[in-house]
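Coordinates in review
What follows is each chain in one-letter form.
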Amino acid sequence: MNKHRFNYKWNLADGYPESNGLKVFGTFICGGGSTMGYKLAGFEHLGGVEIDPPIANVYKANHNPKYLYIEDIRDFADRTEFPEDLYDLDILDGSPPCSSFSMAGNREKDWGKEKKFREGQTVQRLDDLFFDYIKLAKKLQPKVIIAENVKGLLQGNAKVYVRKIRAALEDAGYKVQLFLLNAASMGVPQKRERVFFICQRNDLNYPKLEIIFKENNINFKEFDEGNIKTKRVTKGQIDYWNIAKEGEAFSKYHPKGHLFGASKVHRNKPLNTIIGSGGTKAYHYLYPRELSTNELIYGSTFPLDYNFKKIDPKYLMGMSVPPIMTAQIATEINNQWFKY
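**So, the packing of aromatic side chains**
Across all of its chains, the model carries 22 aromatic pairs by this definition. Their ring planes at 15° and their centres at 6.2 Å tell us that phenylalanine 302 and phenylalanine 308 sit as a pair that is stacked. Accessibility classification places phenylalanine 302 together with phenylalanine 308 in one group, the buried group. Three or more aromatic residues joined by ring pairs form one cluster here, namely Phe25, Tyr67, Tyr69, Phe76, Phe82 and Tyr87. In this structure, lysine 264 packs its charged tip against the face of tryptophan 241, placed 4.3 Å from the ring centre.

**With respect to the sheet that holds strand β10 (residues 193–201)**
Each strand in a sheet pairs with its neighbour through backbone hydrogen bonds, running either in the same direction (parallel) or in the opposite one (antiparallel). The sheet built from seven strands is open, its strands ordered β3-β2-β1-β4-β7-β10-β8 with mixed pairing. A single partner strand is all that each edge strand has here, and the edge strands are β3 (67–69) and β8 (174–182). Each neighbouring strand pair of the sheet contributes to a mean axis angle of 20°, computed without reference to strand direction. Where strand β1 (residues 23–27) lies against strand β4 (residues 91–94), four bridges are found, and the strand directions are parallel. By the bridge assignment, threonine 27 is partnered in β4 with glycine 94. In the packing of helix α5 (residues 159–171) onto the sheet, contacts are made with β7 (144–150), β8 and β10, and the angle to β8 comes to roughly 140°.

**Brief notes about the pattern of salt bridges**
A complete count under the given rule lists 16 salt bridges for this structure. Notably, a salt bridge pairs glutamate 71 with arginine 79, separated by 2.7 Å at the nearest N-O pair. A residue is classified by how much of its surface remains accessible, and glutamate 71, at 17% relative accessible area, is buried. Owing to a relative accessible area of 31%, arginine 79 belongs among the partly exposed residues under this scheme. Of the charged contacts, one joins aspartate 90 and lysine 143 as a salt bridge, the two residues approaching to 3.3 Å between their closest N and O atoms. Note that aspartate 90 is positioned in the loop between α3 (73–77) and β4 and lysine 143 in the loop between α4 (129–140) and β7, a separation of 53 residues in sequence. Given the relative accessible area of 7%, aspartate 90 is considered buried. When salt bridges that share partners are traced, they join Lys23, Lys66 and Asp85 into one network.

**Here's the deal with unusual backbone geometry**
Even without a glycine there, the phi angle at asparagine 64 is positive, about 45°. Owing to a relative accessible area of 66%, asparagine 64 belongs among the exposed residues under this scheme. A positive phi angle is found at leucine 259, which is not glycine, with a value near 65°. Looking at where leucine 259 falls in the secondary structure, it is placed in the loop between α6 (238–243) and β11 (262–264).

Reading the values: the criteria
- Residues numbered from 1 in each chain as written.
- Predicted model: local features only at pLDDT ≥ 70, side-chain atom pairs only at ≥ 80, totals over all residues.
- Heavy atoms only, no water.
- Phe/Tyr/Trp six-rings, centres within 6.5 Å; stacked < 30°, edge-to-face > 60°.
- Buried < 20%, exposed > 50% of the residue type's maximum accessible area, 1.4 Å probe, protein only.
- Lys NZ or Arg CZ within 6 Å of the ring centre and 35° of its normal.
- Pairing = 2+ DSSP bridges.
- Helix = DSSP H or I, 4+ residues; strand = E, 2+ residues; numbered from the N terminus.
- Axes fitted to C-alpha atoms, helices over the stretch in contact; angles between N-to-C directions.
- Contact = heavy atoms within 4.5 Å.
- Salt bridge = Lys/Arg side-chain N within 4 Å of Asp/Glu carboxyl O.

As far as function goes, none of this settles anything; it's purely spatial.
Structure follows, in structure tokens:
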């Protein structure tokens, strides 16, 4: 078995590697999954922008940022002045809210509409926030822009948005590369496919970025906590849990195909994508229980001593980029571009 570059079992108390002097600023920072990833890769993370005050409070408690703006990205992008640090960034990072591009839910029906989404807990459109992020990038002109989103952005009618996003990034003065990456090949015990726009400023002339990860899977059995006490399978789903095989969704056995979000984990595979919404449940393959918080932490590569405060851990981890996923990408960018 190959050696993994980063250890998925870690603690904030262990500290981060020595800084490489490269500076990052984040947007849509949520609980700081990407923040921790950059720090694990040796970057100095300055903080970022988050619209949701309770989430921002969790971020502050765990990361002690130099800058933390609790406001709408649209208001932040409309600012005419920023701290000097932000005009000298190596990376501007962002994961614009992606629920309107997911293959689950209403998808196209929500495009262009104002709606009260969980992100920010306010009435807003999500499908245009990508362009507010690019507007900010155009003002700050970092060396590199990274934007992460769901795989659904590459599927069906959403491809139109990809073309518009690429055009906006190019108009902002950047060369664009697009990657579809699976966290399971990057030392993350979770099958999480995500799209990454990775862009270099036109004047830099870095070589074409090559990103290929082939780390061995980390399977559920490596952090299975066994028959511990957690929430049990509900009465309405126990019959489906009893007949479902490892790795199967309950919807396979439901007469109307319902319960798509409920499934048994497979002991010999990484977890499926951890979703923040409450209706999506992963159950143990042998014991009729939900996964424990620690099992989800391992699957998300969050630190064991992360302080979730009053936020549901599953929600926050489901909304965050796994730290090791970001750490892997940041390491390659450092090696191939900043050390170039």
